[in-house]
Structures are given as structure tokens and as C-alpha cells.
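Spelled out from the first residue to the last, the chains are:
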Amino acid sequence: MKQKEIQSLLAWYYENKRSLPWRENPDAYRVWVSEIMLQQTRVEAVKPYYKRFLEKYPDVLALAEAKEEELLKYWEGLGYYNRVRNMQKAAIQVREKHQGIMPARYDYLIELSGIGPYTAGAVASIAGGEKVPAVDGNVLRIITRLNGDYSNISVPSTIKAIQMELAECMPDVPGDFNQALMELGATVCLPNGEPKCEECPWKSSCKARKQGIISELPVKNKPVKRRIEKRTLILLSGSRGIALRKRPAKGLLAGMYEIPALEGFLNEEAVLEYVKEIGYHPLHIKQIEDHVHIFSHIEWHMKAFLLRIDEISDSMKKDKRNDFFFVEPDEIKDKFPLPSAFAPYRKYIER
């Protein structure tokens, strides 16, 4: 990258950068929290979560000492819950190895749980002023377009080459430079739809624009087709509240709470029969709306039934398959982290 391109990018950034809460007082902890939250999540969606999270966990020690279920509740809605679990692991490592002070050096950051080269580079450059690149999907896209480069960005060698290119031209304001690249990719050189080339500080030097190949770049592997899982949700309410179930400690949504579900699409008769078999006496059943939730590698296609059970069910002998427990609707809202997959059904179980 040429010096004039660096200067034009920085000038554009200082003129156009968005006002974002994590850009205020950018210490290592605050930058780290924002970078983890922003993985797989839109900026506007992150803002309220970021504010609430920092109010509850203002520093590394508070995060290290948090109870897991409470921590998951404060992350609820952001998804990809292993992110926050790894954050707590990293916080504990910082407490033990760095006297509870979040490091701002790349070499220390890269050793922490859940922190890869991009996050370590972002924190080290923004909070520590270290001249290291922070290369994510946005940066890969704009650099390959700038260079008219058909290299596959899914290949580690391409990522490494771009990291080296940026490391060699890093200016004296590395944090601003890395954020400028991110900002350009997020607001101008867009991943989907038509990029805003006329607003780009590199419009006169971008090879992809000159050659008319913007839509062809970046080159990357085709996404793996997601597996579809059909599920029948059972929203069961009784004298003791709403039935929930805890998911296994490992795997998708590990340790989270869920609305009980059965594999496949069942009809009303089959759902009633199952509820009776596990020890409950259904009084009323109603089918409610279907919903599809998309994870990175799986799609849940859900149909759902709302059931009311008789109070006498509380004293009935339960089938060994029944691992439900009942909570009051207010408890679900305040204490039990429910994944966003169940968001359309919250209106039936919270008040």
C-alpha cells in the first residue's frame, strides 16, 4: 500500500468515522469486549448490549468472578455463546497471570482464550499503540479489491500475505489505521450489494474499480450447506409455571435453557400422547406459529404447540424421559438465559 493511500484513508476516517461507545476511552478491556461482541453481530445491535455489559462487568475481575448463568443472561440475544464463555476464561487467565489488568500487548493477548490474530491486533493497536495489523473479513475484502487480487481469502496463505503487507506499511497511528480499514469495509466497500465507490478515498487507485471486477472480489470458498433439523416445540404451562429444559454441557447452545422439543414434525395427536406418556395431564392444546432459526451450520425448522396441564400433573409419577422443570414467567425473563432461537415464542412464556 502506498503512502498516499494511507494518508487519504486516514483523512477520510477522521472526517467520517462513526461515534461508537467503544471508541470512547479505548482501554484494552473495553476494546476487547467490543471486538468479541462485534464478531458475527451488527454494530447497531451491539450498542445496547455493550453498555449493559460494561455496567455489570466494568473490569476484568468482575468478569472473572461472574456466575455463568448470570453472564449468559447478560449475553442473551447476541448468540454464539462460546464467545462469552471464552471471555470469562480469558478474564480468569488475566487475573492469574497479569494481576487482573487486561494486557495491551499482542504477544500476551494472543495467549488468552478466544483471542485470535485479528482480536489481538485490534486491541494491541487501538489500546496499546502497537504497530500490528488487525485483519478481518472487511479488511480482506477491501485490500483484495484495492489490489485487484484474485487470491482466495479463505486460504491461510492469503490472510498471512495481507497481514504482512499491512504490517510493513503501518503508520504511527496504528489503532486509527486499523479502525479506518474496518470502517471503510463496514460503510463503503460493502460485502453485499453495490459498494459506494464514489464515497471511497481510494476510488482513483482501486484496481478492482478500474478493471470493473468489484463484484468478482474477494474470492472465497463457497459456504457449506447447512443441515436442516426439524423440531416440535412444547410450550407447557401448569400450576408451577412454564416448563424449560437445560441443554447438555457440550455442543450447540451448551448449558443454555430451552423450550422442550422433540425431533421431527409431530401433529397434535402425537404431542398429546407424548405429554401423557411422560406424566402430565393435558387440558388444552393449541398450535402456534412456525419459525426458522439459522445457525452457522444448522437450521432449526420449528413448529410449536402451546399446552396447559392440570395441577394434578404435579403429583403424578414422571417418565424417566422427563427432564423438564418449571419456572415462573418472571424468572425466565430475569434469570434463565434463553437463546435467541426462541425469541418468537417469548410472548407465550414471559410476562
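Here, the structure is the one placed above.
In short, a report on the structure. None of the values given here were measured: they were computed from a predicted structure.

1. Some remarks on the overall build of the protein
Here comes step 1: In terms of regular secondary structure, the protein is built from 15 helices and seven strands.
Here comes step 2: Structurally, the protein occupies a C-alpha span of about 75 × 50 × 35 Å along its principal axes.
Here comes step 3: By the burial criterion, 49% of the 351 residues in the protein qualify as buried.
Here comes step 4: Residue pairs at least 24 apart in sequence account for 69% of intrachain contacts in the protein once pairs closer than 6 positions are excluded.
Here comes step 5: Accessible area for the protein stands at about 17700 Å²; split by element, carbon and sulfur atoms hold 50% of it.
Here comes step 6: Here the protein contributes 53 positively and 48 negatively charged side chains, and the mean placements of these two sets differ by 2 Å.

2. A word on the nonpolar core
Here comes step 1: In terms of nonpolar packing, the biggest core is built from 65 residues, with Tyr29, Trp32, Phe53 and Met102 touching the most fellow members.
Here comes step 2: Take this core: its biggest share by element is seven residues, from helix H2 (residues 28-38).
Here comes step 3: Counting residues in hydrophobic clusters, the runner-up holds 24 residues, among them Ala180, Leu181, Leu184 and Trp202.

3. So, the packing of helix H8 (residues 117-128) against helix H11 (residues 174-187)
For any two helices packed against each other, the geometry comes down to the angle between their axes and how far apart the axes lie.
Here comes step 1: Between H8 and H11, the least distance of the axes is 7 Å, while the angle of their chain directions is 130 degrees. Looking at the two axes, H8 sits oblique to H11. Judged by the sense of rotation from one axis to the other, the crossing of H8 with H11 is left-handed. In this structure, H8 contributes Tyr118, Gly121, Ala122, Ser125 and Ile126 to the contact, and H11 contributes Pro174, Gly175, Asn178, Gln179 and Met182.

4. A short note on the pattern of salt bridges
Here comes step 1: Summed over the entire model, instances satisfying the criterion amount to 21 salt bridges.
Here comes step 2: As a salt-bridge pair, arginine 227 and glutamate 229 come within 2.7 Å of each other at their nearest N and O atoms.
Here comes step 3: Here the residues in one salt-bridge network are Arg231, Arg245, Arg247, Glu258 and Asp323, joined through shared partners.

5. Structural notes on unusual backbone geometry
Here comes step 1: The linkage connecting leucine 217 with the following residue, proline 218, adopts the cis geometry, with an omega of 0 degrees.
Here comes step 2: Locating proline 218 in the fold gives a position in the loop between helix H12 (207-211) and strand E1 (227-238).
Here comes step 3: The phi dihedral of leucine 253 is positive, around 55 degrees, even though this residue is not glycine.
Here comes step 4: Take leucine 253: it is sitting in the loop between strand E2 (241-246) and strand E3 (257-258).

6. Things to note about the side chain of arginine 141
Here comes step 1: Along the chain, the position of arginine 141 falls in helix H9 (residues 137-147).
Here comes step 2: Residues within four places of arginine 141 in sequence aside, it is in contact with Gly185, Cys189, Leu190, Pro191 and Pro218.

7. Let's talk about the pairing of strand E5 (residues 282-294)
Here comes step 1: With 10 bridges connecting them, E5 and strand E6 (residues 298-309) associate as antiparallel partners. Residue pairing for E6: valine 292 is matched across the bridge by histidine 301.
Here comes step 2: Hairpin connection, E5 to E6: the antiparallel pair is bridged by three residues.

Quick notes on the rules
- Residues numbered from 1 in each chain as written.
- Predicted model: local features only at pLDDT ≥ 70, side-chain atom pairs only at ≥ 80, totals over all residues.
- Heavy atoms only, no water.
- Helix = DSSP H or I, 4+ residues; strand = E, 2+ residues; numbered from the N terminus.
- Buried < 20%, exposed > 50% of the residue type's maximum accessible area, 1.4 Å probe, protein only.
- Contact = heavy atoms within 4.5 Å.
- Areas by Shrake-Rupley, 256 points an atom, 1.4 Å probe, with all protein chains shown as cover.
- Lys, Arg positive; Asp, Glu negative; His and termini not counted.
- Charge placed at Lys NZ, Arg CZ, Asp CG, Glu CD.
- Core = buried A, V, L, I, M, F, W, Y, C linked by side-chain atoms within 4.5 Å.
- Axes fitted to C-alpha atoms, helices over the stretch in contact; angles between N-to-C directions.
- Parallel < 35°, antiparallel > 145°, perpendicular 65-115°, else oblique.
- Left-handed = near helix turned anticlockwise from the far one by under 90°.
- Salt bridge = Lys/Arg side-chain N within 4 Å of Asp/Glu carboxyl O.
- Pairing = 2+ DSSP bridges.

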